[in-house]
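Coordinate analysis (summary)
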Amino acid sequence: MTPLAILGSPQRYMQGPGALDRLGEVAREHGAKPFVVADAAVEKLLGTRIGATLSAAGCACATGRFSGEITRPEVERLAQECRAAGCDAVIAVGGGKTIDAAKFVKLTLGLPIVVVPSVASNDAPTSRVIVIYDAHHAIAEILMLPSNPETVLVDTAVIARAPARFFAAGIGDALSKKFEAEQGARGGALNLFKGRPTATAVAMGAMCYDAIRRHGLAAMEAVKRQEVTEDLERTVEATILLSGLSFESGGLSAAHAMTRGLTTCAGTRDALHGEMVSFGLMVQLVLEGRDAAFLADLRRFCRALGLPVSLAGLGLAHPTDADYRLLAERSMTAAYIRFMTVPVDADRLEAAIRRADALGRQAA
């Protein structure tokens, strides 16, 4: 039987300056005692506002302090704390790891979740995906919620005040979605819902790329000024909403498969997810056989944003033959590495990694 085409999404997406102050009324729709998952830095920065908006809505919350590292023991501890507190909903406030930790609580206890990203560093807010790491920061397992988050609430004034590096990483994560969704759709791959990618999902990937190329550089300047502008709004919509919908309903390919290798290599595993994907996209485009002018143009754009286009930019200044081989072999363990219209094996992938790295080390 031919698989159905499937597209999934959060029930509701809200974005704009001051959106955080709507958290209380949104959370109250899902429960009277939410469990707020946040790390120490976010709690210090936003805790007073979060408490005020929840209190005004009549919510009596409990807080789960996230350590910053999303391992099995950590997320299971948070789920136990939520259960012990008798909470009836989950609120995630923070970056991608915090959001995934809160999603694990939702998965374990079957509670609704409201996601409030404090940075636009990746597209975790909209998706069902939960990435769990081991003690060495290598990807250990990937879990799935039965459904997407109930509400995603994005305060662009908060995003604008976050470090520019995180904003750039979100762009790096999102840039690949057009190319990965196109490869998956052409190659007959299934998306993360085990369905065929819809034309809508592929189109959202293209919209995401176009918005970033049109607004991304100006949005980065707005972040450096800590200012909310139309360019920032359009870029945040691309990096959180369009990127998330496209990857989950359109599918992933070689660019994201590269994170399997990069998170296990000692020289690169401390880079941000979107920084890894930025280089992973360069590898995928080499595999696709893109022409030199196209690759050079995209490298210039990434460099202008401060995104890495070589292994040196990820922290591996002098890769050895063993490093290249490890990156290729570990990246081949991701199932979606094969969602390409060209054949890929460890040898071809290693050659593409070497070529992308060499091009990225050349002068702009």
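This section reports on the structure supplied with the text. Keep in mind that this is a model prediction, so the values were computed, not measured.

Cut-offs used in this document
Per chain, the residues get numbers from 1 upward, laid out in the order the sequence is written. Given that this is a predicted model, residues contribute local features only at a pLDDT of at least 70 and side-chain atom pairs are listed and counted only at 80 or more, while totals for whole chains, interfaces and linings are drawn from all residues. Side-chain metrics in this entry use all non-hydrogen atoms of the structure; hydrogen atoms and water are not considered. Centres within 6.5 Å make a pair out of two Phe, Tyr or Trp rings, where for Trp the six-membered ring is used; the pair is then stacked when the planes are under 30 degrees apart, edge-to-face when over 60, and tilted otherwise. Helix and strand assignments follow DSSP, with helices taken as H or I runs no shorter than four residues and strands as E runs no shorter than two, numbered in order from the N terminus. Only protein chains enter the calculation, and the probe is 1.4 Å; a residue is then buried if its accessible area is under 20% of its type maximum, exposed if over 50%, and partly exposed in between. Geometrically, a charge over a ring is one whose NZ (Lys) or CZ (Arg) sits within 6 Å of the ring centre while staying within 35 degrees of the ring normal. By definition, residues are in contact when any of their heavy atoms lie within 4.5 Å. Axis lines are fitted to C-alpha atoms, over the contacting stretch for helices. Their N-to-C directions set the angle, which ranges from 0 to 180 degrees. An angle counts as roughly parallel when it lies under 35 degrees, as roughly antiparallel when it exceeds 145, as roughly perpendicular when it falls between 65 and 115, and as oblique in every other case. Should the near helix be turned anticlockwise from the far one by less than a right angle, the crossing is left-handed, and should it be turned clockwise, the crossing is right-handed. Basically, the charged four are Asp, Glu, Lys and Arg, the nonpolar ten are Ala, Val, Leu, Ile, Met, Phe, Trp, Tyr, Cys and Pro, and anything else, Gly included, counts as polar.

This structure, assessed with the given rule, holds two aromatic pairs. Consider the rings of Phe-179 and Tyr-209, whose centres lie 5.2 Å apart with planes at 80 degrees: the pair is edge-to-face. In this pair, Phe-179 is assigned in helix α7 (residues 177-187) and Tyr-209 in helix α8 (residues 199-224), connecting sequence segments 30 residues apart. Relative accessible area serves as the criterion here: at 1%, Phe-179 is assigned to the buried category. Overall, the relative accessible area of 8% leaves Tyr-209 in the buried class. Where Phe-179 meets Phe-294, the ring centres are 6.0 Å apart and the plane angle is 80 degrees; that geometry is what we call edge-to-face. Placement of Phe-179 in helix α7 and of Phe-294 in helix α12 (residues 292-305) is noted, with a sequence separation of 115 residues between them. Overall, Phe-294 belongs to the partly exposed group, its relative accessible area being 24%. In this structure an aromatic cluster arises from ring pairing among Phe-179, Tyr-209 and Phe-294. We note Lys-178 situated over the ring of Phe-179; from NZ or CZ to the ring centre the distance is 5.7 Å. For Arg-290, the ring lying beneath its charged end belongs to Phe-294, and the centroid distance is 5.0 Å.

Let us now look at the environment of Thr-71. Mapped onto the secondary structure, Thr-71 falls in the loop between β3 (62-66) and α3 (72-85). Each C-alpha atom of the pair Thr-71 and Gly-170 lies 22 Å from the other, and the pair is 99 residues apart in sequence. Among residues more than four places away in sequence, those in contact with Thr-71 are Ile-132, Tyr-133 and Asp-134.

Here helix α10 (residues 254-262) crosses helix α13 (residues 321-331) at 120 degrees, and the two axes come no closer than 7 Å. Relative to α13, α10 is oriented oblique. Considering how the two elements wind past one another, α10 and α13 form a crossing that is right-handed. Contact residues: α10 offers Ala-257, Met-258, Arg-260, Gly-261 and Leu-262, while α13 offers Leu-327, Arg-330 and Ser-331. Its residues assigned to classes, the contact of α10 with α13 comprises four nonpolar, two polar and two charged.

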